[in-house]
Amino acid sequence: MKVKVIEDRCISCGYCASTCPEVFEIEDISSVKENAELNKYKEEIETAAEGCPTGAIEVEDE
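Reference entry: report on the structure contained in this document. (Residues numbered from 1 in each chain as written. Predicted model: local features only at pLDDT ≥ 70, side-chain atom pairs only at ≥ 80, totals over all residues. Heavy atoms only, no water.)

What about the overall build of the protein chain?
Link 1 in the chain: Across its full length, the protein chain carries 2 helices and 4 strands.
Link 2 in the chain: Helices and strands appear in the protein chain in the N-to-C order β-α-β-β-α-β.
Link 3 in the chain: By the compact-globule yardstick of 11 Å for 62 residues, the protein chain fits well, its C-alpha radius of gyration being 10 Å.
Link 4 in the chain: Evaluated residue by residue, the protein chain yields a buried proportion of 34% over its 62 residues.
Link 5 in the chain: At a minimum sequence separation of 6, the contacts of the protein chain that also span at least 24 residues come to 55%.
Link 6 in the chain: Separation of charge centres in the protein chain, based on 6 positive and 16 negative side chains, amounts to 3 Å. (Helix = DSSP H or I, 4+ residues; strand = E, 2+ residues; numbered from the N terminus. Rg over C-alpha atoms; globule rule 2.2 N^0.38 Å. Buried < 20%, exposed > 50% of the residue type's maximum accessible area, 1.4 Å probe, protein only. Contact = heavy atoms within 4.5 Å. Lys, Arg positive; Asp, Glu negative; His and termini not counted. Charge placed at Lys NZ, Arg CZ, Asp CG, Glu CD.)

Examining the nonpolar core
Link 1 in the chain: Counting residues in hydrophobic clusters, the biggest one holds 18 residues, and the most contacted among them are V3, C20, V23, F24, L38, I45 and I57.
Link 2 in the chain: Contributions of two or more residues to this core are made by β1 (2-5), α1 (15-19) and α2 (42-51).
Link 3 in the chain: Beyond its immediate sequence surroundings of up to four residues, V3 is in contact with F24, V32, L38, I45, I57 and E58. (Core = buried A, V, L, I, M, F, W, Y, C linked by side-chain atoms within 4.5 Å.)

Here we look at the pattern of salt bridges
Link 1 in the chain: Applying the stated criterion across every chain, the model contains 1 salt bridge.
Link 2 in the chain: Put simply, K42 and D61 hold a salt bridge, and the shortest N to O gap is 3.4 Å. With K42 in helix α2 and D61 in the segment after β4 (57-60), this residue pair connects regions lying 19 residues apart in the sequence.
Link 3 in the chain: By relative accessible area, K42 is classed as partly exposed at 34%. (Salt bridge = Lys/Arg side-chain N within 4 Å of Asp/Glu carboxyl O.)

Some points on unusual backbone geometry
Link 1 in the chain: Phi at S12 is positive, roughly 55°, even though this residue is not glycine.
Link 2 in the chain: Secondary-structure assignment places S12 in the loop between β1 and α1.
Link 3 in the chain: A positive phi is found at N35, a non-glycine position, where the angle reads about 65°.
Link 4 in the chain: Tracing the sequence through the fold places N35 in the loop between β3 (30-32) and α2.

Shown next as structure tokens:
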């Protein structure tokens, strides 16, 4: 699984980090935490991506 935050779309609303704090963090913008267990939180990641108001989160299954 690959998860990417498209930086120029992110408005730092915090939805992803509140939905899945194990994977996403907000500094200036959202990012995927280093060494995050993506497969473990697949459902939460997909919820965050679907709820992102700007569509800034891309999820790919490998």
